[in-house]
Amino acid sequence: MSVVYNILVAVHLLGMAAIVGGYLSVLKAPRISEVMVWGARIQLLSGLVIVGLGEAVDSLGKDYDHAKIGVKLLITLIIVAVAEIGRARQKRGEGNPNFAHIVGILAIVNALIAVLWTSY
């Protein structure tokens with residue numbers, strides 16, 4: 001089961017790379033790219049499965065900080081919502097560059113929370 005868990009963590013990291021990389025690639029002309037939207041979707045789904053597996057399978061030995069997971073989930077839901085709304089508006093010709101900045105910056109904040117929020 002640890003192999004499946006590790007593959008999901010890799011997928012989760014690739015989702016984050018898609019959001020942040022997509023954001024950095026459109027900084028000169030900010031917009032929500034399809035890569036950013038799919039990265040946000042992947043982040044949400046893989047994160048939920050990772051935490052679910054970690055909680056359900058004792059042999060993985062995971063003990064999550066639920067406050068941290070809750071904050072990251074809230075930020076991820078905002079990222080997904082803004083990415084989906086921003087992309088839909090762009091398709092209708094009503095794009096707003098601020099949506100790209102919100103998605104990119106919140107994804108970076110979420111990555112920093114994942115790394116820097118430690119519990120002792």
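Conventions we followed
Residues numbered from 1 in each chain as written. Predicted model: local features only at pLDDT ≥ 70, side-chain atom pairs only at ≥ 80, totals over all residues. Heavy atoms only, no water. Helix = DSSP H or I, 4+ residues; strand = E, 2+ residues; numbered from the N terminus. Buried < 20%, exposed > 50% of the residue type's maximum accessible area, 1.4 Å probe, protein only. Areas by Shrake-Rupley, 256 points an atom, 1.4 Å probe, with all protein chains shown as cover. Lys, Arg positive; Asp, Glu negative; His and termini not counted. Charge placed at Lys NZ, Arg CZ, Asp CG, Glu CD. UniProt positions renumbered as here; feature names shortened; annotations may be inferred. Phe/Tyr/Trp six-rings, centres within 6.5 Å; stacked < 30°, edge-to-face > 60°. Lys NZ or Arg CZ within 6 Å of the ring centre and 35° of its normal.

The chain is annotated in an unreviewed UniProt entry as Integral membrane protein of Rhodococcus parequi.

Engineer: Any chance you could break down the overall build of the chain for me, citing the residues and the numbers?
Structural biologist: Tallying secondary structure elements over the chain gives four helices and zero strands in all. Overall, the chain shows an N-to-C arrangement of helices and strands of α-α-α-α. When the backbone C-alpha atoms are referred to their principal axes, the chain occupies close to 50 × 25 × 20 Å. Counting all 120 residues of the chain, 36% fall into the buried class. When the accessible surface of the chain is totalled, it reaches about 7000 Å², and 69% of it is carbon and sulfur. Computed over 10 positive and 7 negative side-chain charges, the inter-centroid distance for the chain is 14 Å.

Engineer: Which residues make up the UniProt feature "transmembrane region" (unreviewed entry) in the chain, and what are the values?
Structural biologist: Residues annotated in UniProt with the feature "transmembrane region" (unreviewed entry) correspond here to residues 6-26, 38-57, 69-86 and 98-117. Within residues 6-26, the helical portion is 95% and the strand portion 0%, while the C-alpha atoms at the span's ends are 30 Å from each other. For residues 38-57, the end-to-end C-alpha separation is 28 Å, with 95% helix and 0% strand making up the annotated structure.

Engineer: If you had to explain the packing of aromatic side chains to someone new, which residues and values would you point to?
Structural biologist: In total, this model carries zero aromatic pairs according to the counting rule given. The ring of tryptophan 38 is capped by arginine 41, whose NZ or CZ atom sits 4.4 Å from the centre of that ring.

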